[in-house]
Amino acid sequence: MFLQRRMAEPYKIKSVELINVLNEQEREAALIEGGYNTFLIRSDQVYIDLLTDSGTSAMSDLQWAALQRGDEAYAGSKSWYRLEHAVQEIYGYRHVIPTHQGRGAENLLSQLKIHPGDYVPGNMYFTTTRAHQELNGGTFVDIIIDEAHDPQAELPFKGNVDLVKLENLIQKVGADKIPYVSVAVTVNLAGGQPVSMQNLRDVYALCQKHSIPVMFDATRCVENAYFIKEREVGYERVPVKDILKEMMSYSDGCTMSGKKDCLVNIGGFLAMNDDDLYTRARELVVLYEGMPSYGGMAGRDMEAMAQGIYEAVDDLYIAHRINQVRYLGDQLINAGVPVVRPIGGHAVFLEARAFLPHLDQEQFPAQALAAALYLDSGVRSMERGIVSSGRNKVTGENNHPKLELVRLTIPRRVYTDNHMDVVADSVISLYEKRDKISGLEMVYEPPTLRFFNARFEPLAANGRLIQD
Ligand code: F0G
C-alpha cells in the first residue's frame, strides 16, 4: 500500500517563547474581565493565539542576524536599497515606497488616485482598504464572484473577479470614474481564497482595454501563488517564485502588508511601475510615513523584511504553511464542524450560524463561539460577523453580514502541528456540546470599529456562557 509521507515543519527551533497556561477558573475570570471579547484578553492569558496572522510570524535566524546590519541613516540607508532590490527582484515592480504597514500604503494610494465621486471595484472589501477609499470620496464596489459569499461553495479559485460585474460597472459609470481596480490575492474575508492566474490575466486585459490600472492588495500573494501551483493546469512544476512574478506582471502596482507574506512583525510598501505616480508618492510619503528611504521603518526592520521576502518564496516553506492550515481545517471537516470551504491560505473560518443554529444573529453567535473557545482551551480567535460589520450609518440598525464567522488565523512558522491538534480537539468538543453555548448581549458599544472594545455578557439566566 502506498503510504503518503508526512511532512514536518521545514524549520527547527532555536529559541522558544514560553506559554502561560491558565486553568479553567482563571480563563473564566479573564473572559469576564475582558467583557467576552477576545480583543480585550491579555496575551499572557492566551494558550494558542490565533487572533491574527498579522505581524505574528517567527523570524528566522538569518532575519535576526540581518537586524544587526540595519543602517539607521536618516537618508539613503543601505538597508533601504536592499529592501528596494528585494521587492524589485521578487515582485518585479520598478518603484517601491516603504510604509510602516499595509494601511500606510493604502492611505498613499487612495490619496494619490481617488477623487470624490470615483468608484473603486474590488474582489470583496477589506476593512482598512475600504476605509481609505471612502475617506477619499470613493465608493467601493464588490466585483467578486457570487460564490465567494457562499461558505459551502467548493471552488478552487473562490477569490476570482467576476468579469461581467467589472465590465458592467465600466459601462455604467465610465472608465474615467474608476481610478484603479483593486484585486486582493488572496481574499481575506472570503476565507483566504485565491485568484487564478487566468482570472488575473483576464482582469488585466480588460482593464488595459479601458486604460484602467490594476493595483493588487499583495498582502498574502505568496499564498495565492502556492494555490495556483497546486490547482491550475500548467503550473504544477513551476517554482512558486516564478508563479508570483507572473501574477504580479498582471498588475500596475500593489499595496503590501509585510506583516503577512514578508514574514516580519512590522513593515509594508506601495509599489508601482508608473513613473509619475512614483514621483507623487515620494512626495506624499514624507508627510505620513517619513523619507522615501525608510517610510516609517527602522533600518533593521527593512533588513528583516528584505530577507523575509526571499524566504517566503521558498517552495518548502510555503507548502508547509498552506498544508498546516489545511491540516487543522481537515480535522474539523472530518468531525462535521461547519467551516468555510475550501480551506483558505491563512486561516480556518468557523461558520458560527451553522455551529450555533439556536442563536439569532442579534445574539452574536460568532462572538459567543470565540468566547466559548477561549473558555474551553485558552485558544484565542477573532469574530468576523455582525459585531465586526457595525451599524448602517443611515438607519442605525446592525448590519447583517451573510458570513458570520470565527477566524482561526495561523501565524507563520510559530506553532507546530501539535498545537493544531489541541485547537481541533477544543473546537470539536465544543461542537459536541454546541446546544449548551449561550448567546451574548452587548453591554457596551463604542461608536466606531466596535469590535475592538465592545463588551458582552451571556444571555443565559445563570450568567454562564457554557451550561453544564
Ligand atoms: N489588506 C489585507 C487583505 C489585510 O488582511 C490587512 C490586514 C491589510 C490589508 C492591512 O495591513 O495591518 O499591515 O495595515 N489584516 C490584518 C488581519 C489586520 O488580521 O487580517 P496592515
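Keep in mind the model is a prediction, meaning the values are calculated, not measured.

*Asks:* Describe the nonpolar core, listing the residues and the values that go with them.
*Replies:* If you look at the biggest cluster of nonpolar residues, it comprises 65 residues, and the most contacted ones within it are Tyr 91, Leu 244, Met 247, Phe 269 and Ile 309. Two domains share this core, each providing at least three of its residues, namely domain 1 (24–53 + 316–458) and domain 2 (61–312). Sequence-distant contacts of Leu 244, defined by excluding residues within four places in its chain, comprise Ile 90, Tyr 91, Cys 221, Val 222, Ala 225 and Val 313. Counting residues in each nonpolar core, the second largest holds 52 residues, with Val 337, Ala 372, Leu 373 and Leu 375 among its members.

*Asks:* Give me the pairing of strand β12 (residues 405–409): which residues, what numbers.
*Replies:* Across the 5 residues that make up β12, a large majority, 5, are buried. Going residue by residue along β12, you find Leu 405, Arg 407 and Thr 409 tucked away on one face and Val 406 and Leu 408 tucked away on the opposite face as well. Of the pairings in the sheet, the one linking strand β11 (residues 382–384) to β12 comprises 3 bridges and is antiparallel in character. Residue pairing for β12: Glu 383 is matched across the bridge by Val 406.

*Asks:* Any chance you could break down the site of the ligand for me, citing the residues and the numbers?
*Replies:* Contacts to the ligand come from 16 residues, most closely from Thr 52, Arg 103, Asp 217, Ser 257 and Lys 260. Note that an oxygen atom of the ligand is positioned 2.9 Å from one of the side-chain N or O atoms of Gln 101. The separation between an oxygen atom of the ligand and a polar side-chain atom of Arg 220 is 2.9 Å. For the ligand, whose free accessible area comes to 470 Å², the fraction covered by protein is 93%. The dominant element in the shell around the ligand, judged by the number of residues it contributes, is helix α4 (residues 102–113), at 3 residues.

Conventions adopted
- Residues numbered from 1 in each chain as written.
- Predicted model: local features only at pLDDT ≥ 70, side-chain atom pairs only at ≥ 80, totals over all residues.
- Heavy atoms only, no water.
- Core = buried A, V, L, I, M, F, W, Y, C linked by side-chain atoms within 4.5 Å.
- Buried < 20%, exposed > 50% of the residue type's maximum accessible area, 1.4 Å probe, protein only.
- Domains from an automatic or database assignment.
- Contact = heavy atoms within 4.5 Å.
- Helix = DSSP H or I, 4+ residues; strand = E, 2+ residues; numbered from the N terminus.
- Pairing = 2+ DSSP bridges.
- Near = heavy atom within 4 Å.
- Polar contact = N/O pair within 3.5 Å; in protein donor to acceptor, adjacent residues only side chain to side chain.
- Areas by Shrake-Rupley, 256 points an atom, 1.4 Å probe, with all protein chains shown as cover.

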